[in-house]
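Fold and contact review
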Amino acid sequence: MGERMNRVIEIPAYLTVRELAQLMGISPIDVIKQLMNDGIIATINQQIDYETAAIVASEMGFEPEEAAPPIAEEAGEEGPVPLWERLYAREDPDRLRPRPPVVTVLGHVDHGKTSLLDAIRRTDVVGREAGGITQHIGAYQVEHNGRQITFLDTPGHEAFTAMRARGAHTTDIAVLVVAADDGVKPQTVEAINHARAARVPIIVALNKIDKPTAQPDRVKQQLSERGLTPDDWGGETICVPVSAKKQIGLDDLLEAVLLVADSHEIKANPDRPAVGTVLEARLDRSRGPTATVLVQNGTLRVGDALVAGTVSGRVRQMLDEHGRPVKEALPSTPTMILGLSDVPLAGDIFEVVPDERTARAIVAQRLREQESRAVQAERVLTLDDLSRSIREGAIKELNLIVKADVQGSIEPIVTSLERLGGEDLKINIVHAAAGNITESDINLAVASRAIVVGFQVAVDPAARRMAESEGVDVRLYDIIYKLVDEMGLALKGLLEPTYVEKVVGRAEVRATFDIPKVGRVAGCYVREGEARRNAKARVFRGDEQLYDGHVASLKRFDKDVREVRTGFECGVGLEDFHDLEIGDIIEFYVKEREEQPST
């Protein structure tokens, strides 16, 4: 033991008992015994945190130090660079290669989305995988004219937007399925708005064209009214007649997808570590945590260490949609992976890292940041904030989601809102529909940085909880002109309320105390009003103002308090000011919103 005394070892945020033993160069059995002495029962492969490992190391004669995370999140001039931008957008153009387009199929529930996906898959399976066993992994690839197309088998536009709200930009092209015998329905409109909010090109698949009751021209007219004028009507939207049941027009649809893909130059760099999105994940009883991932850049290989959200692991096995083992997955390839430590969330972005130790360190760092954000959650989608951004020129449009009690209320509201602003500053209606405010609306608001406006509607309980947790501003109105007036003020950048200062109390400094690591604290007597912890403070010495800032602490004896009234003593600490002297006057003030005169 003497040889090891004071030997410094670097311990990561998380590691297994075996790894700790290897760091110290001793038997894992000895580490397990020491843990048992400390009241912790652990197996050799069990993960322990830094604090636990440091205690064990100290007791065994080592000097522990916490290892810095091997990969630090980069920061730009305006704060941390989003993971997606950091890993995907900054590529050398010479390294980029064409990749298969990724397609999501959206539409009304009864218009044949699933039938169309099945028909496309069946055609492909018959062509090159006859007799193969297909398993559902939430995505699959088909081949057309020697080129691959990736289809995401999502449940609908709600899931599509929920993933986008979490930062996952997976889709290159949206195929909107509309039944030729039924036409545009409310869910069709929702799907159009969700696809537009994601800024992805839309191809219309006019399904059930074989039915005697099909009215393709009527449907094209409805689509034109929604801004999707078919190309054969002089518009820019490709509209392909298909029949999933009779296998009509499927090749034309795939050809249209490739045509749109070519016009958008969809590329990626296959010669780099993989990054992409978790499409779906679950806990398999026999195989443990499994995840279907879409590789969006780079190449994923068996043996790669990776991080997905707050889950880490090493790719032990990869399977394609036919359940066959594969060694690697190129950009735009969906694959099921095994080997994760836990089940990640759909929409989590995954990235390949140098090794598992790095992966665990990144996860530990993210968990700490997650806890910190939970403590100091910011509501970033309030109308006041967006109004301020408009006034400062940071944004040029106000995104709104409008829900009204009946369809008849929507048109006058939308028409009035669209008249507000001008060319450079306008309101953008992301989605407008009748009905209560739902979780789907909140997801769309998060993804689009929009405000949800309701006219004579209620908010579903689940939607209210989500809005509170995500910080989405939901505004309800009973009178149309009030709704329009408030949005107009926001658009002009005038919604930011006018605040006036109000002095709430004054206190005299009667003693000062220098406290280590805290600084100078004043013992005060409240002469008038009250001292408040959440107020701002000014310090006066005679007629000279020495300080204007925030109250750092307010104590009554040794207890933290919110306020201290006239005639009582208290201890006051100020942020970044330690030059207090006996006789100084501390003036406490707040800024209150000035009520606007009613019109």
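Since we're looking at a predicted model, the values are computed, not measured.

This part covers helix H8 (residues 216-225). Restricting attention to buried positions, one finds in H8 the residues Val 219, Lys 220, Gln 222, Leu 223 and Ser 224. Packing partners of the buried residues in H8 comprise strand S11 (173-179), strand S12 (202-207) and strand S13 (239-241). Once H8 finishes, Gly 227 follows within two positions and takes phi at roughly 90°, a positive value.

Bringing the nonpolar core into the picture now. With 28 residues, the main nonpolar core has Leu 116, Ile 120, Ile 149, Phe 151, Val 175, Ile 203 and Leu 253 as its most contacted residues. At the level of secondary structure, the elements contributing two or more residues to this core comprise strand S8 (102-107), helix H5 (113-128), strand S9 (139-144), strand S10 (147-152), S11, S12 and helix H9 (250-264). Broken down by element, the residue count for this core peaks at eight residues, all from H9. Aside from chain neighbours lying at most four places away, what touches Ile 149 is Pro 100, Pro 101, Val 103, Tyr 140, Gln 141, Val 142, Leu 254, Val 257 and Leu 258. Grouped together as the second largest cluster of nonpolar side chains are 22 residues, Val 551, Leu 574, Phe 577 and Phe 588 included.

With that settled, the discussion passes to the side chain of Thr 290. Mapping Thr 290 onto the fold places it in strand S16 (residues 288-297). Classification of Thr 290 as buried rests on a relative accessible area of 3%. Here Thr 290 is in contact with Glu 280, Ala 281, Arg 282, Asp 284, Met 336, Ile 337 and Leu 338, once residues within four sequence places are set aside.

Applying the stated criterion across every chain, the model contains two aromatic pairs. Here the aromatic rings of Tyr 140 and Phe 151 are separated by 6.0 Å at their centres, their planes lie at 25°, and the arrangement is stacked. With Tyr 140 in strand S9 and Phe 151 in strand S10, this residue pair connects regions lying 11 residues apart in the sequence. What makes Phe 151 buried here is its relative accessible area of 1%. When the ring centre of Tyr 589 is taken as reference, the NZ or CZ atom of Arg 538 above it lies at 3.9 Å.

Our next topic: helix H12 (residues 407-418). Owing to its 3.6 residues per turn, the α-helix aligns residues three or four sequence positions apart on the same side. Over its 12 residues, H12 runs 17 Å from end to end, which matches the ideal 16 Å to within 8%, given 1.5 Å per residue. Along H12, the residues classified as buried are Ser 409, Ile 410, Ile 413, Val 414 and Leu 417. Viewed along the axis of H12, the buried residues span an arc of 120°, placing them on a single side of the element. Set apart from the buried face of H12 by more than 90 degrees, the exposed residues are Gly 408 and Glu 411.

Reading the values: the criteria
- Residues numbered from 1 in each chain as written.
- Predicted model: local features only at pLDDT ≥ 70, side-chain atom pairs only at ≥ 80, totals over all residues.
- Heavy atoms only, no water.
- Buried < 20%, exposed > 50% of the residue type's maximum accessible area, 1.4 Å probe, protein only.
- Helix = DSSP H or I, 4+ residues; strand = E, 2+ residues; numbered from the N terminus.
- Contact = heavy atoms within 4.5 Å.
- Core = buried A, V, L, I, M, F, W, Y, C linked by side-chain atoms within 4.5 Å.
- Phe/Tyr/Trp six-rings, centres within 6.5 Å; stacked < 30°, edge-to-face > 60°.
- Lys NZ or Arg CZ within 6 Å of the ring centre and 35° of its normal.
- Expected span 1.5 Å × (residues − 1).
- Arc of directions from axis to C-beta.

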